[in-house]
Amino acid sequence: MHNQCLDHLILFYKKKIASLGQKLKIVKVWSDNAPTQYRCRQNFVQVATVQDRHPDISLIHRLAVVDNFKGAHDAFGKVPKRYIAEQELNGNRSPNGEGVFRTCFRNLAITETTGTRNNWCEFERNKDRRLKGKGTYGMDARYFYFVVKTKKEKEALICEFPDNIMHCDITNILDTKGGGSNQRKNKV
């Protein structure tokens, strides 16, 4: 899943920065060194081959010291997690991952088209002094994505959520190992 998200984020910011008349040249990735997420073989290959997929981008990947890396990113999952727990306590079930995505998308997403609760974009455009209230970690937007394993799952959801469904083809993940359980994966 992290492999798919990296390419999606690069394309997202390329488009966003291009809309400002600039070009994305460098992407800096800070990760917390979790072995099953960012330090696995597949993710290292994905990071090492990013210029194959995005020739005009330089990527800097920094791994933090294990258990010693806190920042704004650590709290991103807490809002939806707390919200879903509250919904469950109130009897509003999300029976599976898709249900959680739908609930969060419907109730927690903040995009440029839905507006923001604090009008940070407007304050920034107008150089309004109220922008100081945003602080270091204030958010202009909060996006939700749902990652599916099959094209059939993607096709079933893409019309309803055209920009928020990602297909992660786990049969075609670049890996540094061949044979065994990785036979169907591409060997680098």
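A.B. asks: Quick question: what am I supposed to make of the confidence of the model for the protein chain here?
C.D. replies: The predicted coordinates of low-pLDDT regions are not to be read in fine detail. Of all residues in the protein chain, 71% have pLDDT values of 70 or greater, and the mean over the chain is 78. In the model of the protein chain, helix 6 (residues 120-125) stands out as the element of lowest mean pLDDT, 74, in contrast to helix 7 (residues 151-158), which has the highest, 93. Low pLDDT, under 50, characterises residues 179-188; the predicted model gives this stretch 20 contacts beyond four residues in sequence or across chains.

A.B. asks: Is there a simple way to explain the side chain of His54 in this structure?
C.D. replies: In this structure, His54 sits in the loop between helix 3 (50-53) and strand 2 (58-63). Leaving out residues up to four positions away in the same chain, His54 has contacts with Asp7, Ile10, Leu11 and Lys14.

A.B. asks: Looking at this structure, how should I read the pattern of salt bridges?
C.D. replies: Side chains that differ in sign of charge can pair as their charged atoms come close. A full pass over the atoms with the stated rule returns five salt bridges. The salt bridge partner of Lys14 is Asp56, with a shortest N-O separation of 3.3 Å. Here the residue Lys14 occupies a position in helix 1 (residues 2-18), and Asp56 occupies one in the loop between helix 3 and strand 2, the gap between them amounting to 42 residues. On the basis of relative accessibility, which here comes to 33%, the residue Asp56 falls in the partly exposed class. For Glu160, the salt bridge identified is with Arg102, shortest N-O distance 2.7 Å. One end of the pair, Glu160, is in the loop between helix 7 and strand 4 (165-167); the other, Arg102, is in helix 5 (residues 97-108), and 58 residues separate them in sequence. A single salt-bridge network, built from bridges that share partners, covers Glu98, Arg102 and Glu160.

Reading guide: rules and limits
- Numbering of residues starts from 1 in every chain and runs along the sequence as written.
- Two thresholds apply to this predicted model, a pLDDT of at least 70 for residue-level local features and 80 or more for giving and counting side-chain atom pairs, whereas whole-chain, interface and lining totals are computed over all residues.
- The basis for the side-chain values is all heavy atoms of the structure; hydrogens and waters are excluded.
- Each residue carries a pLDDT score, the predictor's own confidence in it, on a scale running from 0 to 100.
- Strands here are runs of E lasting at least two residues and helices are runs of H or I lasting at least four, both read from the DSSP assignment and numbered beginning at the N terminus.
- Every residue pair with non-hydrogen atoms within 4.5 Å of one another is taken to be in contact.
- The salt bridge definition used is simple: a Lys or Arg side-chain nitrogen within 4 Å of an Asp or Glu carboxyl oxygen.
- Under the scheme applied here, a residue whose accessible area is under 20% of the maximum for its type counts as buried, over 50% as exposed, and between as partly exposed, the area being computed with a 1.4 Å probe on protein chains only.

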